[in-house]
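Given next are the chains, with one letter for each unit.
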Amino acid sequence: MKITTKVNLFITVSLLVSLLIVNTIVFFLFMKTTVNMEAHLVFKNANEMLKKYHISESLTLDKNLLNSYMPSHSFIRIVGPTSTTINQVTNDKVLVQKISPTFSTEKNFELRPFQEHQNLVVHVPIHQNHKVIGTLEISERLSGLESRKDVILSIMGTVTVVSVLLSFLAGRWLSAIIMKPIVSMISTMEDIEQIGTLKKIGIQTETKDEVYKMAATFNRMVSKLKENSDKQRQFISDASHELKTPVTVISSFITILRRHGTQDETIAKEAIEAIYLETNRMKNLTKTLLSLAELEGSEPVDIKSVDLVSLSTALVTQFMQVYDRPIILHENSHSIFIKGDELKLKQVLIIFLDNAIKYSTDVIEVFLESDQHKGILRIKDYGIGIPEEEQSHVFERFYRVDKARKRDSGGSGLGLAIAKNIVNLHKGEIDIQSKEHAGTEIKVTFPLTN
Ligand code: ADP
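Novice: Can you break down the site of the ligand residue by residue, with the values?
Specialist: Surrounding the ligand, one finds 18 residues, the nearest of these being Asn355, Lys358, Tyr359, Asp381 and Leu416. The contact in question runs from a nitrogen atom of the ligand to an N or O atom on the side chain of Asp381, over 2.9 Å. Going through the elements one at a time, helix 9 (342–358) and helix 11 (415–425) are the ones with two or more residues in the shell around the ligand. Class assignment for the residues of the shell around the ligand results in seven nonpolar, seven polar and four charged.

Novice: Residues and numbers for the sheet that holds strand 3 (residues 108–114), please.
Specialist: Two strands in a sheet stick together by hydrogen bonds in their backbones, pointing the same way (parallel) or opposite ways (antiparallel). Spatial strand order, 2-1-5-4-3: five strands in an open sheet with antiparallel pairing. Two strands lie at the open edges of the sheet, namely strand 2 (85–90) and strand 3, each paired on one side alone. Each adjacent strand pair in this sheet contributes to an overall mean axis angle of 20 degrees, direction not counted. In this fold helix 1 (residues 3–52) packs onto strand 1 (74–79), strand 3, strand 4 (117–128) and strand 5 (131–141), with an angle of close to 35 degrees to the strand it touches most, strand 4.

Novice: Talk me through the pattern of salt bridges; I want residue IDs and the actual numbers.
Specialist: Scanning all chains against the criterion turns up 13 salt bridges. Here Arg378 makes a salt bridge to Glu441, at a shortest N to O gap of 3.4 Å. In this pair, Arg378 is assigned in strand 10 (residues 374–381) and Glu441 in strand 12 (residues 439–447), connecting sequence segments 63 residues apart. Note on Glu441: relative accessible area 14%, which makes it buried. Here the salt bridges do not stand alone but share partners, grouping Glu369, Arg378, Lys380 and Glu441 into one network.

Novice: So, the packing of helix 9 against helix 11: which residues are in play, and what are the values?
Specialist: Packing of helix 9 against helix 11 leaves a shortest axis separation of 9 Å and a crossing angle of 145 degrees. Every pair of crossing elements has a handedness; the one defined by helix 9 and helix 11 is left-handed. Taken together, the residues of helix 11 that come into contact with helix 9 (itself represented by Lys344, Leu345, Gln347, Val348, Ile351, Phe352 and Asn355) are Gly415, Leu416, Ile418, Ala419, Ile422 and Val423. Across the contact of helix 9 with helix 11, the residue classes tally to nine nonpolar, three polar and one charged.

Novice: Kindly report on unusual backbone geometry, identifying the contributing residues and their values.
Specialist: Although it is not a glycine, Ser83 adopts a positive phi angle of roughly 60 degrees. Structurally, Ser83 can be placed in the loop between strand 1 and strand 2. The phi dihedral of Asn129 falls on the positive side, at around 50 degrees, and the residue is not glycine. Tracing the sequence through the fold places Asn129 in the loop between strand 4 and strand 5. A relative accessible area of 70% places Asn129 in the exposed class.

Novice: Go over the sheet that holds strand 10, please, and point to the residues and values.
Specialist: The strand order across the open sheet formed by five strands is 7-9-10-12-11, and the pairing between neighbours is mixed. What marks the edges here is a single partner per strand, and that holds for strand 7 (327–331) and strand 11 (429–435). Ignoring which end each strand starts from, the neighbouring axes of this sheet average 15 degrees apart. By the bridge criterion, five bridges tie strand 7 to strand 9 (residues 364–370) in an arrangement that is parallel. Residue Leu329 lies in a different strand from strand 9, and its bridge partner there is Val366. Here helix 8 (residues 308–323) sits on the sheet and contacts strand 7, strand 9, strand 10 and strand 12; the angle it forms with strand 7, its principal contact strand, is near 170 degrees.

Conventions used here
- Residues numbered from 1 in each chain as written.
- Predicted model: local features only at pLDDT ≥ 70, side-chain atom pairs only at ≥ 80, totals over all residues.
- Heavy atoms only, no water.
- Near = heavy atom within 4 Å.
- Polar contact = N/O pair within 3.5 Å; in protein donor to acceptor, adjacent residues only side chain to side chain.
- Helix = DSSP H or I, 4+ residues; strand = E, 2+ residues; numbered from the N terminus.
- Nonpolar A, V, L, I, M, F, W, Y, C, P; charged D, E, K, R; others polar.
- Pairing = 2+ DSSP bridges.
- Axes fitted to C-alpha atoms, helices over the stretch in contact; angles between N-to-C directions.
- Contact = heavy atoms within 4.5 Å.
- Salt bridge = Lys/Arg side-chain N within 4 Å of Asp/Glu carboxyl O.
- Buried < 20%, exposed > 50% of the residue type's maximum accessible area, 1.4 Å probe, protein only.
- Left-handed = near helix turned anticlockwise from the far one by under 90°.

Printed below as a string of structure tokens:
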């Protein structure tokens, strides 16, 4: 069964049941109140009669005098202590026969059905010298009650039918509105399943209800998946492009070698050297790619307390010796301990120092600072800098600011992407500030060990 039909049926049946319960309660209350009111009226008349016509003294009834108290189909009678009629006046002979006299010492009333009508019978005790000597019994047909009962039943019936019908129609309309985006979502998902391309759902309503939120969440998920798949495609295309260049160089030198043989020593030497360089480049590139793939989504494995100050001091000394470049280390404390994988953190520092060396010729400065919660590392150079519009892209894989120049410098455009991944794995933050022809500063913040 469809959800819409289920919802509709449920709403309609619940409404019908509630209306039936409410109608029954209202009907019985109405009947009770009406009979009570009628009885109250007859009691009032009976008391008046007893007083006005001195019935308690004479125990007689005068028909002419009582006419004003007698509606059609009624009787007034005086009943003795043995439940026998002492005196009676009536305008309905059959009624007076059917309702037998009842002696009662209490004031009460009852309903007696007769000839498809309800008849109200009221008993009022007649006192003489503090003793009950008889009962004034008054009965009348409640013909007004019958007609009012019919009216109220037909009103309730009509209201019930109209309400159920309206609720059924409203339910259908409401479920159609609710189901519309869900149906559209299902068809979009079926399309995605069949065609294999990610698609978004067209959201028409802006009511921010649950269905809207579900569709919006689905669309956000599609965007994320699309973004990931685009990134993956881009990565594969970039990686193959990077690998294609050395393969092309190697293959062209091998063609030269095959054509000219090894007789021409100069050509042979040049070819072997180029093949050697390109093979090395490929080897490094695949190694870097593998380490990047390893880093993405993984957790740092070898976690221990690492002192950023001693790690940086050792590396700075090493870089100064190897590259013969001035690197100044500024630290505001003797040790800054963070939790991390020492080898990976070392890799981050190497990437930053390597870039600073590659893209500047002047002095390089390394700052180490800490506050209560964070350890901060800044590497500053006064080199070529990065144009502002390029700065947000330098952490992307294979992104190079100037592609031709970086090939000469041996860069692959993967260093900063790797560094960012490592920093993220250590729950740190990375930020770059740069000005073209003025220099670059990379700032990394790590949470301190407790
Ligand atoms: P690469 O291996 O090419 O250096 P990176 O990912 O380390 O790759 O850097 C990406 C790009 O960002 C580089 O190609 C370079 O253009 C730019 N870059 C990175 N660091 C610096 C820096 N200190 N000064 C100027 N440009 C930089």
